[in-house]
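Residue-level structural notes
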Amino acid sequence: MKLTCLPVLLAVFVCSTITPAAEIIKISAENYAQIVPQGKEVDAIYGDFVLRNDKIVAVIAQPVKDRKANMTVRGVSGMLIDLTRRYFESDQLSCFYPAAGRYLFEDAATYICQVDGKTVDLRKLDQASGKLITLRMVGQPLAADGTQATVEYSFRDQRAWIDYSVSIENTGEAARETTVEDSLRCDGNLFVRTSDDETGMFAIVDQYFGQGYGFLSDAGKLRASTGRNITIAPVDGEKRSLAKGDSLAWSGKVACDQGLPGLRSWAVGLASDAPTYPLQLTLKCPQGPVVHAKVEIRAGEKNLGVLESDAKGMVRTELLSGNYTAVVESLGRETREHPLVIEQSPTNSTLSLPTGSRLIGKIVDGEQRPIAAKVQLIGLDGTSTPDFGPDSAAFAVKNLIYCAAGKFDQPLDAGKYRAIISHGPEYDASTVEFELETGKPYTLQATLKRTVDTRGWVSADFHSHSSPSGDNVSEQLGRVLNLLAEHIEFAPCTEHNRIDTYADDLEFLGVTPAMATCTGMELTGSPLPINHQNAFPLHRHEHEQDGGGPQTDADPVAQIERLGLWDNNASKVVQSNHPNIPQILGDRDMDGMPDEGFRGMLGWMDVIEVHPPQGIFTPPPADVSPKDKYNNPIFFWMQLLNLGYRIPGVVNTDAHYNYHGSGWLRNYLASSHDDPSAIDLDEMIHAAEHGHVIMTTGPFLDAAIEVDGQRYISGEDIDMRGKTATVAIRVQCPNWFDVNRVQVFANGRPVLNFTRKTNPELFRNQGAIRFAFRGELQKFEHDTHLIVATIGEDLKLGPVMGEVSGELPPVAVANPIFLDVDGGGFQANGDDLDVPFMLPK
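These figures come from a predicted structure and were not determined experimentally.

**Observations concerning the packing of aromatic side chains**
Considering all chains together, one arrives at 20 aromatic pairs under this definition. Residues Trp161 and Trp266 carry aromatic rings whose centres are separated by 6.2 Å and whose planes lie at 50° to one another, so their mutual orientation is tilted. Separated by 105 residues along the polypeptide, Trp161 in strand E14 (residues 161-170) and Trp266 in helix H2 (residues 260-272) bring together distant segments of the chain. Relative to Phe771, the ring of Phe763 lies with its centre 4.8 Å away and its plane at 55°, an arrangement referred to as tilted. Across the pair, Phe771 and Phe763 agree in class, each one buried. In textbook terms, an aromatic cluster arises when at least three aromatic residues are bridged by ring pairs, as seen for Phe96, Tyr164, Phe202 and Phe215. It is Arg646 that lies over the ring of Phe818; its NZ or CZ is 3.5 Å from the centre.

Below, the structure written as structure tokens:
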């Protein structure tokens, strides 16, 4: 690609008003907002300790039993759980464990804090400051082996790193072997690991979110293990034998910077006793800041690494004095080179870039009101499909653009594109092909018409995740944008093992009325997969451990009972997630032999996940193996119904990533309010608990039984004594998928089957209504529950839902309507549907 050189405008770096003193502050409700760092992975809670100076801010977890950063990062008492630069706060650290997590530092009595040599009582600490702060603690091994560890942090003013030391002492009688090693959790596939031969530093950098961490050790050049739990140890590290009273000690340094150039400069500067100097580059163009530009810093022929500009178009780092070149690559422009001279003072550089080509979005609904949307871009005629950012990003994810209110301004390389604009399956999608010229804007206008009539019902997803869960790194703001763009009208926040909220993200976007939400959680324990339950609403204790939520239990029955009784048995929905129903019903050890199972769980379930819904059309064989029984929960849900367990079925995405993560599964709940801002939470709880639920990958299925002029929907009982009934079914689809089969199941067995081939008069090819049927319902001799389902056999949801979910069939299943034939109250028939129950004889 052609390189163009432009001059750089240099100015004195803007002086910070932050004082240079080192501080230690105990986090409280009064100071949390002022002192806790910002970033996607912040895990600080009340009672933890903030260490900060003019360059960095860090959090050391408080000494309490079972302190967790999140679901997957545990045993963090006394550990470094948050760390970021103050000039660009983007914490991406999950935890740094001196001594590699082999010891627990939960005894507060062993903690000694000193400020400039004077001891400070941590129990009485609010805030203290000085030139040097040390925090020393003693830890006991996870498994008693006669050793103990002492860890000390040293934190100085005007330093962009933390010094730490570790000493392991053998206090037992027998000799013990140990090693020099620390460990690290920085999660996500965006982190790139680097071992620097010149300095011995190990570094790990997330370029997109703008954070890097560097590690140096006096024990020698560092190496790191692969995997999620990263062990950091000297390259020549060997096991050491410690006799009684012997100890093994080492020390190191932990630094942070926006990227690898600053970390490399820091390590070289320490080795050569040379200072580094702040550099701030601001990238601007006539339209404003240039966001997510990649800035490669070169020193002669050496590439020091790449920084990525933030929302203000800025990159910040610290470099040794000398001559550098900044190579700037940004969407919609040619790559450009800029000379930089770092002298012995802070430098602020503004790089003026030309107008770039960009896509401007103006998306409205049929009433010409701005609307949230998902815009998918596909390159045509040799133009590459764009990759704006990772699947964990927010507004621009892979080749998607999410907007919360119909407008966006996205840099884009010149070329030919197809744009697919959508707002969930109640709206027709729009497809536009356009050509973007170099250096020019293109305004993408689309009107998304709501063609599917869902009055009386609202869409919901009861199960999705983002970064606070600890098992994924997706930005929570991106999850909310994804839900909005897919027109989910009610979405409780259900992070793993932490009560959390989407309310602040909706407020930040200025679209609070667009989606109803509430606080909740997924309580995730073992054995897997059955010991996962969602619950909402739950009272959130903000900035407390796990948001004040309950703890897991090894007994799934005890765990779901605990969740059901939480908040003084307050009204809530308790949902069983991805259940192995035969295991729960009567095969605890999954050996194929009936036993007591975990049947006690069933009494606490308000709803149960039964996706994939298409499984209702393909029952398993009678000799299905216990392992394979997990693959068709909707069939075994119908068995539960036949045993008298009236637990409504639901389907949810369990979305962990923001790239088409939400939207391809949803529930419709009966609601007296169609406007999300007016949705009543108590009504949502009632609708879920009573089975007023339609499950779907997209089609809207309206199924009802009419008796004596009254209309009955899913979850309702009908006294059929001496009465005739009419079944009314209607299926609606937008313009981007279709159905071709509708089937009715009576107590889990098919009784009616309509296909486009055999009943063409009932199916339509145009408009939203694709199927409509009204007819007299056959009479049943015994109590019967009716389930109506529809599918597009050999059809797909298509490109609107992306490469993976788009391959799924359009399918919808309505929860059962219960026909009480004799008026004595509905009685289940016990039919095993030709697959034997997992029940003791």
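**Notes on helix H8 (residues 681-689)**
Of the residues making up H8, those classed as buried are Met684, Ile685, Ala687 and Ala688. The buried residues of H8 all sit within an arc of 165° when viewed along its axis, so they share a single face. Buried positions along H8 lie against strand E40 (457-460), strand E43 (573-576), strand E44 (607-609), strand E46 (666-670) and strand E47 (693-696). For H8, the N-terminal cap is Asp680; the gap from its side-chain oxygen to the backbone nitrogen of Asp682 is 3.2 Å. Backbone geometry just downstream of H8 places Gly691 in the positive-phi region, at approximately 75°.

**Re the sheet that holds strand E45 (residues 649-650)**
The strand order E41-E42-E43-E44-E45 describes an open sheet built from 5 strands, whose pairing is mixed. Since the sheet does not close on itself, it has two edges, and those belong to strand E41 (521-524) and E45, each with one partner. Taken together, the 4 bridges between strand E42 (residues 532-536) and E43 define a ladder with antiparallel strand orientation. Across the sheet, Asn534 pairs through a bridge with Gln575, a residue of E43.

**Comments concerning the pattern of salt bridges**
Applying the stated criterion across every chain, the model contains 46 salt bridges. Ionic pairing is found between Lys131 and Asp157, a salt bridge with its closest N-O pair at 3.4 Å. In this pair, Lys131 is assigned in the loop between strand E11 (127-130) and strand E12 (132-141) and Asp157 in the loop between strand E13 (147-156) and E14, connecting sequence segments 26 residues apart. Accessibility expressed as a relative area gives 52% for Lys131, which makes it exposed.

**Observations concerning the environment of His543**
Residue placement: His543 occurs in the loop between E42 and helix H5 (556-569). Expressed as a C-alpha distance, the spacing of His543 and Ala44, which sit 499 residues apart in the sequence, is 7.2 Å. A distance of 3.3 Å separates the side chain of His543 from the side chain of Tyr32, its partner in a polar contact.

**Here we look at unusual backbone geometry**
For the bond from Leu528 to Pro529, the omega torsion is -5°, close enough to zero to count as cis. A cis amide bond, omega -10°, links Phe536 with the succeeding residue Pro537. By the secondary structure assignment, Pro537 is in the loop between E42 and H5. Phi is positive for Asp66, which is not a glycine, with a value near 65°. Position of Asp66 among the secondary structure elements: in the loop between strand E5 (56-60) and strand E6 (80-85). Overall, Asp66 belongs to the partly exposed group, its relative accessible area being 48%.

**Observations regarding the sheet that holds strand E51 (residues 726-732)**
With antiparallel pairing, 4 strands are arranged side by side in an open sheet as E49-E48-E51-E54. The open sheet has two edge strands with one neighbour each: strand E49 (710-712) and strand E54 (769-776). On average, each strand axis in the sheet is tilted by 20° relative to the strand beside it, whichever way the strands run. With 3 bridges joining them, strand E48 (residues 700-707) and E49 adopt antiparallel strand pairing. Within E49, the position partnered with Val707 by the bridge is Gln710.

**A word on the environment of Trp736**
Tracing the sequence through the fold places Trp736 in the loop between E51 and strand E52 (741-746). According to the relative accessible area criterion, Trp736 is buried, its value standing at 13%. Sequence-distant contacts of Trp736, that is, excluding residues within four places in its chain, are made with Gly424, Pro425, Tyr427, Asp428, Ala429, Leu797, Val800 and Met801.

**Description of the side chain of His465**
In this structure, His465 sits in the loop between E40 and helix H3 (476-485). In this structure the side chain of His465 is engaged in a polar contact, spanning 3.4 Å, whose partner is the side chain of Ser469. Ignoring anything within four residues of it in the chain, the contact list for His465 reads Asn472, Arg479, Thr494, Glu495, His496, Glu522, Asp654, Ala655 and His656.

Rules used in this analysis
- Residues numbered from 1 in each chain as written.
- Predicted model: local features only at pLDDT ≥ 70, side-chain atom pairs only at ≥ 80, totals over all residues.
- Heavy atoms only, no water.
- Phe/Tyr/Trp six-rings, centres within 6.5 Å; stacked < 30°, edge-to-face > 60°.
- Helix = DSSP H or I, 4+ residues; strand = E, 2+ residues; numbered from the N terminus.
- Buried < 20%, exposed > 50% of the residue type's maximum accessible area, 1.4 Å probe, protein only.
- Lys NZ or Arg CZ within 6 Å of the ring centre and 35° of its normal.
- Arc of directions from axis to C-beta.
- Contact = heavy atoms within 4.5 Å.
- Polar contact = N/O pair within 3.5 Å; in protein donor to acceptor, adjacent residues only side chain to side chain.
- Pairing = 2+ DSSP bridges.
- Salt bridge = Lys/Arg side-chain N within 4 Å of Asp/Glu carboxyl O.
- Axes fitted to C-alpha atoms, helices over the stretch in contact; angles between N-to-C directions.

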